Amino acid sequence: MGSIVPNRVRSTNRPDTLSSFTEPTDRPTGGGPAVPRRTRSTPVSVPSPVREGRPKTATLAVTATATAVALMNYTAPMPTLPAVAAAFGTPPSAQAWLLNGTPLGLAAFLLVAGGLADAYGRRRVFLLGTLALGLTTALGALAGSTSVFTAARIAQGAASAAVLAGSLGLLAHAYPTGRDRIRATGLWGASVSGGIALGPLLAGALSPVDWRLAYGVLGAGALATAAAGARWLPGAGAGARWLPGAGAGPAAITRTSGAGAPHPAPCLAPPPAPRPDVVGALTLGLALAALLTALTLGRDGWLRTPVGALLLASAALTALFAAVEARSGNPMIDLALLRRPAFLASTLGALFTGLAVIGLFSVVPTLLQVGAGMSPLGTAWLFLLWSGTAFVAALQARRLAARLSAARQLALGFALSAAGVLTFLGALEGHAGAWRLFPGLLVAGAGSGLLNAALPRLAVDSVPPERAAMGSGANNTARYIGSSAGVSLTLALATAGPDAALVASAALAVTGAVLALVLARR
């Protein structure tokens, strides 16, 4: 393969970094020996495509592994919610927060993480997020109360935000176009399904000893993945990069031509680092917190004054968030992207995936333990049947890419999820038997796999390349806003019986399918 940077001396350490330059000389008038002119030898990072082979494979392996660990951490509390609530003495009205801490952190910080990844480098943000995930997950195992555990889970969500926003951005750079990108995003979607599947199984298997052990194991896994990423991920070209110079304004770094004659190579100095949109993140987080609190309190009566006041507050804060983003010089999300039908389909598809699918299946293990008397490990195996099917379906979804657009794949996924959920009617309480759930778990799992494969594909393809991390951040933010609201809504509706929650989930899935089809025609 030819030189990436023509007419320059290439570093022997890294193929995409210039750190060796010929030192120019000044010859005094009247003769005499040449006197070296002192110049800075500054490493210059040059954006370059990720090469074939090991770097691309390493990028896919590390990002998929970190994503799986983040999703395992996300789903780990699902089969152990009764045990955790009993350990902390958490009342029923507050149990939703034991599940919603991580999605709240994800929803509030994903867009910030996406913008930071675009500005400072996806590799850096991804690795810092993976490291923080390991530390906060391990610390969460030491929590002694509902509030401390919830705070730790919110921190884990914020760290996971950096992992997820950086991972799709890294994949978009490593696999720019074509069938390779479809394959890579399909495998990434499969890692989402795999992480969702394995988290409850790990927690359920370790719960007879101590429910805290699962968090220790996941913390260690995240730290190991961060170490592997620091070693194997390509060091440049994985995010926004500026050629550094000395001081403000354009800088000149001397380099040699092919003939050896020195001449200046002007490089733009980096602009001031963009400030994170803290106001936007706080506004979005408060809006979501008000919504989740309203849905949690709704289980005791939807027409009560506090519920209505919180819903109004959530709506007002959401409008304020939109106003902040419209005026911000460095917004979490460029609202103009919402005028793109493909981006709107991606965002709404992710929102309804959270509401209709993730929200329900986050609570199904608890409903089975309370209503059917199943053990945590038993519910985890049933959860594995659903999420394992989703994993296989996501892997095979790439075969549909040539025949089915991503938006139509979303619609099919929602339709299968609704059909599977409706088969659960009457089976989540009493002694109907686990076999009664098998067909619906398989059908709903296939639908979830199609959703998980289509969403990252739409997220990356629906935005300009330089906005890839923002696009993936917006997609995942919508997913976790939906899942947080879905968990709270499911637990609230389940007070009237599990079937009420099932019907609501199916109705939301059908709505998602209709919206995907409508947007596909625009």
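Structure's up top.
This report concerns the structure included in the present document. What you are looking at is a predicted structure, and each value in this text was computed from that prediction instead of being measured.

Once that is clear, we can look at the pattern of salt bridges. The final tally for this structure, using the stated rule, is 1 salt bridge. The partner of K56 in a salt bridge is D180, and the shortest N-O contact between them spans 4.0 Å. Remark: D180 occurs in helix α6 (residues 178–206) and K56 occurs in helix α1 (residues 54–75); sequence separation between them is 124 residues. Note on K56: relative accessible area 6%, which makes it buried. On the basis of relative accessible area, D180 is assigned to the partly exposed category, the value being 39%.

Let us look at a nonpolar patch on the surface. There is a patch of nonpolar side chains on the surface, built from L131, L135 and L223 and spanning about 230 Å² of accessible area. Relative to the assigned elements, L131 resides in helix α4 (residues 122–140).

Note that G194 resides in helix α6. With 195 residues separating them along the chain, G194 and T389 place their C-alpha atoms 9.5 Å apart.

Moving on, we come to the packing of α6 against helix α13 (residues 438–461). With their axes 8 Å apart at the nearest point, α6 and α13 run at an angle of 130 degrees to one another. Taken as axis vectors, α6 and α13 run oblique relative to one another. Remark: the crossing between α6 and α13 carries right-handed chirality. Facing α6, whose interface residues are R181, T185, W188, G189, V192 and S193, α13 presents N452, P456, R457, V460 and D461. Class assignment of the residues belonging to the contact of α6 with α13 gives a composition of 4 nonpolar, 4 polar and 3 charged.

Rules of the game
- Residues numbered from 1 in each chain as written.
- Predicted model: local features only at pLDDT ≥ 70, side-chain atom pairs only at ≥ 80, totals over all residues.
- Heavy atoms only, no water.
- Salt bridge = Lys/Arg side-chain N within 4 Å of Asp/Glu carboxyl O.
- Helix = DSSP H or I, 4+ residues; strand = E, 2+ residues; numbered from the N terminus.
- Buried < 20%, exposed > 50% of the residue type's maximum accessible area, 1.4 Å probe, protein only.
- Patch = residues over 30% accessible without salt bridge, like charges linked within 9 Å, V, L, I, M, F, W, Y side chains within 5 Å.
- Areas by Shrake-Rupley, 256 points an atom, 1.4 Å probe, with all protein chains shown as cover.
- Axes fitted to C-alpha atoms, helices over the stretch in contact; angles between N-to-C directions.
- Parallel < 35°, antiparallel > 145°, perpendicular 65-115°, else oblique.
- Left-handed = near helix turned anticlockwise from the far one by under 90°.
- Contact = heavy atoms within 4.5 Å.
- Nonpolar A, V, L, I, M, F, W, Y, C, P; charged D, E, K, R; others polar.

Any link to function would need more than the numbers given here.
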